[in-house]
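# Coordinate inspection notes
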Amino acid sequence: MSGHTENEITIAAPLDLVWDMTNDLEHWPQLFSEYASVEVLERKGQTTKFRLTMHPDDNGKVWSWVSERTTDRPGRTVNARRVEPGPFQHMDIRWEYSEVPGGTRMRWRQDFAMRPDAPVDDAWMTDNINRNSRVQLELIRDKIEQRDRERRSASVPAN
């Protein structure tokens with residue numbers, strides 16, 4: 001068995017701003033509530049290898065792993081995978097961006113499988129990812145929309 005999730009949100013902001021903010025890895029701890037730090041390990045062309053470290057969970061455990069993501073700005077997609085999969089046999093994530101009336105739609109598709117010795121199964125992780133993705137997408141939307149409002153108000157000339 002394997003897990004698959006699809007979550008999306010529409011952000012009332014231009015695609016360029018959404019793209020820039022969501023692909024600025026060094027600022028992910030300010031964009032996502034779950035990440036304590038990001039360490040960029042290597043950049044080659046449009047591919048970045050980096051270490052993500054989460055805030056401690058309810059049991060005090062700090063989760064950390066290495067991922068790799070490749071951006072395709074003309075294609076408005078990002079493909080990512082965990083290089084150090086931890087409890088996953090594999091974890092692949094695809095980000096898709098599209099312009100829609102009222103802003104930008106951002107979609108996350110995650111395909112994964114848990115290792116047989118993982119503490120949870122695919123069904124549990126699917127529910128967990130869906131629950132957490134909604135929270136993170138709403139936070140990201142709110143932060144990007146706030147930044148867009150600030151940019152627009154700063155560009156309005158004073159009378």
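Up top you'll find the structure we're talking about.
Residues numbered from 1 in each chain as written. Predicted model: local features only at pLDDT ≥ 70, side-chain atom pairs only at ≥ 80, totals over all residues. Heavy atoms only, no water.

Looking now at the pairing of strand 3 (residues 47-54). Sheet topology places strand 2 (residues 35-44) next to strand 3; eight bridges connect them, and they run antiparallel. Residue Val 40 lies in a different strand from strand 3, and its bridge partner there is Phe 50. As defined by bridge partners, strand 3 adjoins strand 4 (residues 64-72) across seven bridges and the pair is classed as antiparallel. Bridge pairing in strand 4 places Arg 51 opposite Val 66. (Pairing = 2+ DSSP bridges. Helix = DSSP H or I, 4+ residues; strand = E, 2+ residues; numbered from the N terminus.)

Let us look at the packing of helix 1 (residues 15-22) against helix 3 (residues 122-154). It is the contact of helix 1 with helix 3, at a shortest axis distance of 10 Å, that shows an interaxial angle of 125°. As far as their axial angle goes, helix 3 and helix 1 are oblique. The two elements helix 1 and helix 3 cross, and the hand of that crossing is right-handed. Where helix 1 abuts helix 3, its residues Leu 17, Val 18, Met 21 and Thr 22 lie against Ile 140, Lys 143, Ile 144, Arg 147, Asp 148 and Arg 151. Each residue belonging to the contact of helix 1 with helix 3 can be placed in one class, and the counts come to five nonpolar, one polar and four charged. (Axes fitted to C-alpha atoms, helices over the stretch in contact; angles between N-to-C directions. Parallel < 35°, antiparallel > 145°, perpendicular 65-115°, else oblique. Left-handed = near helix turned anticlockwise from the far one by under 90°. Contact = heavy atoms within 4.5 Å. Nonpolar A, V, L, I, M, F, W, Y, C, P; charged D, E, K, R; others polar.)

Distances and angles like these do not, on their own, reveal function.
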